[in-house]
Structure formats: C-alpha cells, structure tokens
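The chain contents come next:
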Amino acid sequence: MRSNLAGPRLLLRRLREVMAEPITAQERLDKIVVLIAANVVAEVCSVYILRADGVLELYATEGLKAEAVHQASLRVGQGLVGLIAAEARPLNLPNARAHPGFAYLPETGEEEYNSFLGVPILRAGRTLGVLVVQNKSHRTYLEDEVEAMQTTAMVIAEMVAAGELEAIAQKGTGLDLSRPIHAIGVPLSEGVGLGHVVLHEPRVVVTNLIAEDTDKESHRLEAAINRLRLSIDDLLSSGDMAAIGEHRDVLEAYRMFANDRGWIRKIEEAIRNGLTAEAAVEKVQSDMRARMLRQTDPYLRERLHDLDDLAHRLIRELMGRQHGPLASELPQDAIIVARNMGAAELLDYGRDRIRGLVLEEGGPTSHVTIVARALGIPTVGQVEDIVSLADAGDAIIVDGEAGEVYLRPATDVENAYAEKVRFRARRQAQYRRLRNKPSVTKDGVEISLQMNAGLLVDLPHLAEAGAVGVGLFRTELQFMVASSFPRMREQQAQYEQVLDAADGKPITFRSLDIGGDKVLPYLRSIQEENPAMGWRALRLGLDRPGLLRTQMRALLKAAAGRELKLMFPMVAEVDEFLKAKSLVEREIKHLRRHDHGIPDNIRLGVMIEVPSLLFQLDELLHHVDFVSVGSNDLFQFFCAVDRGNTRVSDRFDPINFAFLRALKTIVDAANRAHVPVTLCGELAGRPLEAMALIGLGYRDLSMSPASLGPVKAMLRSLDAGRLSARLLPRLEPGHPETNIREFLLRFASDMDVAL
C-alpha cells in the first residue's frame, strides 16, 4: 500500500528548513525525530548512531525517556536495532515482540510498544546508525513511510559525514565514520608513505538532497542517463578502451546496467518522493550496495563494482563534474586510493606529490603495479572495500613492505611510522653518500651495479643512484601506458630520448614482453589457462613479425651512431634467438639500402628465464653477445610457482640450494665462453640475495634504483673470496647444511656485512 505522496514532500521541505537553521547538532536531531514522528504518525522516533567501538548509541528520541539519550546503547547484532545495523536493511514488524531478535532497553521505557519500523542510516553502503519509529498498536508501516524514513536517514548520514555529530559525542567515544582502520593487503611496491587520501574516480559529495521541482529533476535524470548511454555506446563503437581505462566486457556490463529499467525506476521513484536526481541515484546505489555487500556469490560482488562505477558516473553527469582531481589540485602528500586503475592514469597524477597507492584489486604483475614500482611509489593491493571506507582528505599510512594500510591512524601509530620514514630517509642519505664511491668488495672484486627502467621518468635515477648503466629497459611499458599502438616514429623518438638521457651510459633494451598477463587494451587479448607460459614475449613477436620488425627498426634508427644492446625475452630454444637475430639483420640491410644511419655497434643477447635453456647453454653462448638472467620468471618456472598467486608465491625460498645451483651453472658456462652475464631480477635488489649472487660468481647486477644504495653498502663490506669459499661447498651434493639463507645470515653477522 502507498499513502498520499504529499506527506513525504512536505516532510522533505520541513527537513530542509531544519537543516538550514543555525542550531546545535543535538537540537537539529531533536527536531528531526519530532518531524518524523508526526509524519509517520508514530508515538516513538529514535536515532541510534554507530560509534567507533561497534556500539549503537541513542542520540535522540521522541517518545522514549529523555534521560536515556546518550546513555542507552546496543551492540551491532543485538536486538532489532542491532540486527538492522548488521544487515543494513529495513525491518517492518507489526508485532516486534514476536521477532526472535527482539530485545528492549528497560532504561528507555519502550516495552509497551508493539509495531516497529527501522531503517539503516547508510552512506556509500556503510552503516552509520539506525532510524526507528514505534507504535503501541499493531500495524504494518506503508511503503511511503519507509521511503520517508530512508530519505531522512540520508540527511542524518550527511550530518555524520560532515562531522556535525562529533560535537555531541560523549567524551572518550568517537563515531564509526572516523574510527581508525587497520587493513591488511598484499605488498606490491616497497616503501612507506604517510599522507592524505585522494580518491581516484572519487565519489561526488551530494549536498543538495531535497528537490524544489520533482518534474525538473526527472528531466535532469533522463537527460543525464541519455548522455551516459551515448558515451558508453561511443566508446564501444570506437573500440578505444584506454580512454577510460576499462575493457570492453566492463563497458558491455555498463551498457546493460545503464539500460536496466528496474534500476532507473527505483531512481525515478525516489525523485517523485522529493529527492534531487543526484540524491536519488546515491540513495538507490547505497541501498543496493548495502544488500550486495552481504552476498557471498563472487559474481554478484563483482557486479557491485560495475554498479558503483556506473552510479558515480551518472552522478558526475548530473553535477557536471569531471573524473578525478587535477594534478595541480593534489595535496603535497597524496595517497591515491582506487578500486583499480590503469598505468597511464597513475602517470597523469604526476610523481612529485604522490606518496603512496592503495588498491582494492591489483596484483604484483598488474600494469599499474609495474609503473608504481618503477616510480618508487609504496603500493599495497587487494585491500578490501578501502574505497568505500576512505573519504577524501583522511589521514592514511601505506606500508608497502608489510602490506598494511592504516586509515585515520591513531597518534601513536602515526608517530611510529613518521619515525620509520625518518629512519629510511637517514639510510637513503647514507646511501647517497656512497653514490660516487666504487662498487668494490673488501677484497678488491669489482661489481657492476646497473638499474632497471622502463620509462623516460626513470632515467634521472641513473645519476642520482650512481648506477653505471641500465641493465634492463622494459620497452613494453611505453606500449602499456599508450592509448593506441605506438607507431614506428613514436617508438624511435622515445628510444632516442632514453639514449640521450643516459648520456653515454650503456642501456640494455629488452624487446617487447607483452601477452600473457601484460595485456594491451588496444590489442585483442587471447584467453589462456596459463598465460605466463603462453603466447607472449618473443613467441608473440615471431608469430607477428611485423610488430617485432617495427620495434627493431625504431631501435636501430634511434641508436644510429651509438651502441645498441638488445636482448630477447622468453627464449626457450636457441633457434628462436636465431630467428629474431635474422629479423634484426634484415632491418639493418633495409636501413643501409635506404641510406639510413645505423648503430656503430650492435650487440644481441638473450634473457635466460626458461629452464630449458639451462640444457642448451653451450650452443646458446656460441651465438649471443651477452646473456641476462631474468630471475623472476626463471624461479617461477623452475619451482612451478606462480609469483602472482599469494597462496604459493612464498612457498619456496629463491636462495634454496637447487636454484642457486642452476644460477651457478649459468655463470660458470658464461665465464667459460667469455660471454658477459648480468642478473636483473628481484634477487639482485635484496642485499642478502645479492650477497649470494656475488658468492656464486656474478659480477654484473641490475636492480631497481632504490635498491642500489643498500646493495652497494653490503658489497663494500663483503669479502667476496671468503664468502665463495664457504658458500660453494654447501651447494655440493651430500653437504649436511641445506638452509642457505640461515648460513648467509650467520656469515653476514660474523663478518659484519651491512645488510
């Protein structure tokens, strides 16, 4: 049943007047409960607000005992009020006492009331409290009365979000919206960042809730939905996914939801009841979010993200807002919080003001993670519901080493992390003082320290960190952040800029390593059960020779008159390298034939990351100018461990004796063949692991710029000869000590090696 719609509209007008009055928060709440009681013809109206300790406290009432305000309380899940807070859905009962969850508070004097209607006070799907009406008579409240209660709950939610109720909170208690939150995620990029939340694709705060003219609001909604549908259709027809950072299947889901009459009908109904168009969208989405968050079906939970995004876009259409803040508007200590984002979107923010990145999704090999790591931005991923928990401007700490996030941290936590940041800064200052000192061990062994890079913004680190060159330049990052496939001239210009920025220091370019987990949004991706071992890198390049030849020609032209050092990834057999080499030779002939300049010196190599090459080393080393060990992939293939799978990624120690034997096989074979060998995976960037590599005989290491200082400090305090003499026997069959990590830690402690 429905009542006359004049009631809800009159209520909204009265609410607008109350919200505009220059009165205290308590007086405002007291007036609101009186208004609701009169509108619903209820004998009782009460507001319970959720505190940070999980307690629902009575903040205002009409009809119950006045002395119970700020004294009566229930825990979430306790009684009918607690049940509404726990489940975030209304409860409409003609006989409340018959409900199994019924429990009354004697201090309020509510035992004589029978009928009960309670609605959650929601904001972005989060429960902030409960609004209740009660009557002595047995009655079921009408749909319009439920609607009026939900609308009033929105108004109260904005009071909570604006901090208005903090002034009347009891001493020693805070509201749930401002409580500190400690969340555990997955560490994706090392470092610690302290700052303030900047929401990527932020929720637009709807402040104008109550409509002056419902017909006008309905027309605004219709126009905004049409614009939204057109924008989605345009994106799908053009095929340019990168413009919004979403893939086609997500856009198809958007289109389906944008044309869903049930969703739109709910919004239209909320407008007819007196809300503005944007407030109606927010109300409907908050209700749906609260329900879907409690679903266990992963498909439904994923659809929630699509609906959230669509609702936020529709609100922006209605309010004329653009997506995300401008880089110039960022605070000096911005921590970007996002469900997920593309690599190019992160770069749009600019590096200078970003102190950290927190993602609800994201994994170690996602594009944005790779870029964040290259930029040295502390990053934590897979932090559940962080977007809805955080508000713009909230204080936040990102611990990219432990995978922890502290939202609105307590003072002692903030002080502890501030000291940790100061300690890291002091350590970095010490490392900077080592920048121009030679990378030589205590016994005179020279170790070449190079850095990994992938973007032009990485190159200043060459001088800052004291690297002798770039041991791995990931050329695919340029393709990942572009909105369309870079043409040959664009690639050439990029490589020329990189070589110029290196100022004569050597750079080892890796040919395109795309496919598998590195999907380019403008190329059709192939679904594979095991993408890491699928159609990717050189395999893709040899099957699509035009793509590989375009890159080879761009590199050759960019390096004209200089040295070009190029290696090929994911080589599983020698013949694959020979085919790639023939493509390079073909491009050299083409450039000479057309009188184009070519490099003065061309060196071609292979990245050893497929275990099959361990049994072809002699043949391979006969053909290549150098080799580089990609320890990340080599280890995951060697131990059959998916490094993106958190269940198994830490199962095996990369410095176990079996893997070290494999690494020793490579360096010994390269030394016999007089072929230079570099190791450029994550092993090289950790001091203890780098120490093991030096003990095995590696003399060229490439790592992230942030790792150069710690590794140099370690090696300058190391006696490499003494380490090798003690390490190598432990790799022989039959040696009783098999825990190499424990041995290395013991050796470092005994020999005062700086770890």
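The rules behind these values
- Residues numbered from 1 in each chain as written.
- Predicted model: local features only at pLDDT ≥ 70, side-chain atom pairs only at ≥ 80, totals over all residues.
- Heavy atoms only, no water.
- Helix = DSSP H or I, 4+ residues; strand = E, 2+ residues; numbered from the N terminus.
- Buried < 20%, exposed > 50% of the residue type's maximum accessible area, 1.4 Å probe, protein only.
- Contact = heavy atoms within 4.5 Å.
- Areas by Shrake-Rupley, 256 points an atom, 1.4 Å probe, with all protein chains shown as cover.
- Axes fitted to C-alpha atoms, helices over the stretch in contact; angles between N-to-C directions.
- Parallel < 35°, antiparallel > 145°, perpendicular 65-115°, else oblique.
- Left-handed = near helix turned anticlockwise from the far one by under 90°.
- Nonpolar A, V, L, I, M, F, W, Y, C, P; charged D, E, K, R; others polar.
- Core = buried A, V, L, I, M, F, W, Y, C linked by side-chain atoms within 4.5 Å.
- Phe/Tyr/Trp six-rings, centres within 6.5 Å; stacked < 30°, edge-to-face > 60°.
- Lys NZ or Arg CZ within 6 Å of the ring centre and 35° of its normal.
- Pairing = 2+ DSSP bridges.
- 1 Å grid on protein atoms, 1.4 Å probe; cavity = no way out; pocket = protein on both sides within 12 Å on 5 of 7 lines; lining within 4 Å.
- Points joined across faces, edges and corners; volume = space filled by probe spheres on them.

Colleague: Which residues make up the overall build of the protein chain, and what values go with them?
Modeller: Broken down by element type, the protein chain carries 26 helices and 22 strands. Taking all 755 residues of the protein chain together, 54% fall into the buried category. Restricting the contact set of the protein chain to residue pairs at least 6 apart, pairs at least 24 apart contribute 66%. Counting only carbon and sulfur atoms, one obtains 50% of the accessible surface of the protein chain, whose full area is about 32400 Å².

Colleague: So what's going on with the packing of helix α18 (residues 545-558) against helix α19 (residues 574-593)? Residues and values would help.
Modeller: Where α18 meets α19, the closest approach of the two axes is 9 Å, and the angle between their N-to-C directions is 55°. When the axes of α18 and α19 are compared, the pair comes out oblique. Like other packed secondary-structure pairs, α18 and α19 cross with a definite hand, here right-handed. Along the contact surface, α18 presents P545, L548, R549, M552, R553, L556 and K557, while α19 presents L583, V584, R586, E587, I588, H590 and L591. Classifying every residue of the contact of α18 with α19 by side-chain character gives 8 nonpolar, 1 polar and 5 charged.

Colleague: Break down the nonpolar core for me, with residues and values.
Modeller: Ranked by internal contacts, the top residues of the largest apolar core, which has 95 residues, are F509, L663, M691, Y698 and L701. Top contributing element to this core by residue count: helix α22 (residues 657-672), with 8 residues. Not counting residues within four places of it along the chain, the set of residues in contact with L663 comprises V629, L634, L679, L683, L693, L696 and Y698. Membership of the second largest hydrophobic core comes to 66 residues, among which are C45, L128, V160 and L228.

Colleague: How would you sum up the environment of P106? Please name residues and give values.
Modeller: Locating P106 in the fold gives a position in the loop between β4 (91-93) and β5 (115-123). Sequence-wise, P106 and A72 are 34 residues apart; in three dimensions their C-alpha atoms are separated by 9.1 Å. Contacts of P106, omitting those with residues within four sequence positions, involve K65 and E111.

Colleague: Pulling in residues and values, what's your account of the packing of aromatic side chains?
Modeller: Scanning the entire structure with this criterion turns up 7 aromatic pairs. Look at F473 and F509: their rings are 5.5 Å apart centre to centre, the planes differ by 65°, and that puts the pair in the edge-to-face class. Here F509 lies in strand β17 (residues 507-510) and F473 lies in strand β16 (residues 470-474), a separation of 36 residues in the sequence. Comparing F473 with F509, the two get one shared label, buried. On the basis of an interplanar angle of 45° and a centroid distance of 6.2 Å, the ring pair of F743 and F747 is categorised as tilted. Linking F743 with F747, this pair stays in helix α26 (residues 740-750), spanning 4 residues, or about one helical turn. Members of the aromatic cluster, joined through ring pairs, are F473, Y495 and F509. Above the plane of the ring of F626 lies K565, whose end atom (NZ or CZ) is 4.7 Å from the centre.

Colleague: Tell me about the sheet that holds strand β7 (residues 181-184), residues and numbers included.
Modeller: On the basis of which strands lie adjacent, the open sheet formed by 8 strands has the order β7-β14-β13-β9-β10-β11-β12-β8 and mixed pairing. At either margin of the open sheet sits one strand with a lone partner, and together these are β7 and β8 (186-189). The average undirected angle you get between the axes of adjacent strands in this sheet is 30°. Here strand β10 (residues 334-338) runs beside strand β11 (residues 354-359); their pairing, made up of 5 bridges, is parallel. The residue of β11 that forms the bridge with I336 is L357. Packed onto the sheet, helix α13 (residues 411-433) meets β9 (192-199), β13 (395-399) and β14 (404-407) and runs at close to 120° relative to β9.

Colleague: Which residues make up empty space enclosed by the protein, and what values do they have?
Modeller: Following the criterion strictly, the structure yields 5 cavities of 30 Å³ or more and no others. Listed by contribution, the elements that provide at least two residues to the lining of the largest cavity are β5, α4 (143-161) and α8 (277-292). Counted by class, the lining of the largest cavity contains 5 nonpolar, 2 polar and 5 charged residues. In this model, the second largest cavity occupies a volume close to 110 Å³.

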